[in-house]
Amino acid sequence: ILNVEQSPQSLHVQEGDSTNFTCSFPSSNFYALHWYRWETAKSPEALFVMTLNGDEKKKGRISATLNTKEGYSYLYIKGSQPEDSATYLCAFRSGNTGKLIFGQGTTLQVKP
Amino acid sequence: SQTIHQWPATLVQPVGSPLSLECTVEGTSNPNLYWYRQAAGRGLQLLFYSVGIGQISSEVPQNLSASRPQDRQFILSSKKLLLSDSGFYLCAWARDRALNYGYTFGSGTRLTVV
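Let me sum up the structure you'll find in this document. (Residues numbered from 1 in each chain as written. Chains lettered and ligands numbered in written order. Predicted model: local features only at pLDDT ≥ 70, side-chain atom pairs only at ≥ 80, totals over all residues. Heavy atoms only, no water.)

1. With respect to the state of the cysteines
Residues and elements named next belong to chain B.
Thinking step 1. Here the structure, examined in full by the defined rule, presents 2 disulfides over all chains.
Thinking step 2. The disulfide partner of Cys23 is Cys91, and the S-S distance across this bridge is 1.9 Å. A torsion of -75° about the S-S bond marks the disulfide between Cys23 and Cys91 as left-handed. You can see Cys23 sitting in strand E3 (residues 19-26) and its partner Cys91 sitting in strand E9 (residues 87-94), a full 68 residues away along the chain.
Thinking step 3. The class for Cys23 is buried, based on a relative accessible area of 0%. (Disulfide = S-S within 2.5 Å. Helix = DSSP H or I, 4+ residues; strand = E, 2+ residues; numbered from the N terminus. Buried < 20%, exposed > 50% of the residue type's maximum accessible area, 1.4 Å probe, protein only.)

2. Here's the deal with the sheet that holds strand E7 (residues 62-67) of chain A
Residue and element names in this part refer to chain A.
Thinking step 1. Spatial ordering of the open sheet is given by E1-E3-E8-E7-E6, a layout of 5 strands whose pairing is antiparallel. Strands with a single pairing partner mark the edges of an open sheet, and in this sheet they are strand E1 (5-7) and strand E6 (56-59). The average angle at which neighbouring strand axes cross in this sheet is 15°, direction not considered.
Thinking step 2. Alignment of E1 against strand E3 (residues 19-24), held across 3 bridges, turns out to be antiparallel. From the neighbouring strand, Ser7 faces E3, where its bridge partner is Thr22. (Pairing = 2+ DSSP bridges. Axes fitted to C-alpha atoms, helices over the stretch in contact; angles between N-to-C directions.)

3. Overview of the side chain of B:Arg37
All names here are of chain B.
Thinking step 1. Inspection of the secondary structure assignment puts Arg37 in strand E4 (residues 32-38).
Thinking step 2. A relative accessible area of 11% means that Arg37 is categorised as buried.
Thinking step 3. Residues within four places of Arg37 in sequence aside, it is in contact with Gly43, Leu44, Gln45, Leu47, Gln62, Leu64, Ser84, Asp85, Ser86, Phe88 and Tyr89. (Contact = heavy atoms within 4.5 Å.)

4. As for the interface of chain A and chain B
Thinking step 1. On the chain B side, the residues contacting the 15 residues of chain A number 22 residues.
Thinking step 2. With both chains or domains summed, chain A and chain B bury close to 1,400 Å², and 59% of this area falls on carbon and sulfur atoms.
Thinking step 3. A per-residue breakdown of the area chain A buries against chain B is headed by A:Trp38, A:Lys99 and A:Phe102, which together make up 33% of the total.
Thinking step 4. Across the chain A-chain B interface, the total number found is 1 salt bridge. (Buried area = accessible area lost by both parts, 1.4 Å probe. Salt bridge = Lys/Arg side-chain N within 4 Å of Asp/Glu carboxyl O.)

5. Looking at the packing of aromatic side chains
Thinking step 1. Counted according to the given criterion, the structure contains 18 aromatic pairs over all chains.
Thinking step 2. For the ring pair A:Trp38 and B:Phe88, a centre distance of 5.9 Å and an interplane angle of 35° mean the geometry is tilted. Of the two residues, A:Trp38 sits in strand E4 (residues 30-38) while B:Phe88 sits in strand E9, which places them in two different chains.
Thinking step 3. Aromatic pair A:Tyr72 and A:Tyr74: ring centres 5.0 Å apart, planes at 40°, arrangement tilted.
Thinking step 4. For A:Tyr72, a relative accessible area of 23% corresponds to the partly exposed category.
Thinking step 5. Given the relative accessible area of 27%, A:Tyr74 is considered partly exposed.
Thinking step 6. The structure contains a cluster of three or more aromatic residues connected by ring pairs, namely A:Tyr36, A:Phe102, B:Tyr34, B:Tyr36, B:Tyr49, B:Tyr103 and B:Phe105. (Phe/Tyr/Trp six-rings, centres within 6.5 Å; stacked < 30°, edge-to-face > 60°.)

Dropping the structure here:
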């Protein structure tokens, strides 16, 4: 059974704080690592799809790094804003299949 | 443009009753389609995926089944619901088979079995 672990489970920060979360995944048979943002009452939306060891992706104040050899990815949010409040999911793709295995998510709450 | 529709948004069903959740995709052809469920306190779990009409792969043994009667239609069913079937069900499709853009999810169905 492939396990994808995310930490912390939840996080409360003040507006303006920078924060980061961790996603751990199996280091064997790696194909891709996805990050999604899931806001309340909405559908999860894809943030990043990362495939290469050492990959760094950025979208506005959000960025992600990938280490496939040790099996982890970090998601960073710089200068958190209340609209960043959401659950952030990572998902591991093993081999050339279309299936994603999701972690349980990190729920971020940003207080104004 | 491509869109994904999922309905109903919420459903309360008694134990032992049947279930049918529908998902349709517009603006694309031959998409990969997926059903996921989030049970209380748990992450998204892949239930079924389909790469084409009539082609269904089941990921976990369970009380549910899936069908793909048309290219852009994916249906999740049960003949007799159990309490443990309660959860949030999400349909998703992939714009390309390489998943370069990730999944696009539907709006979800909150199922409560009572």
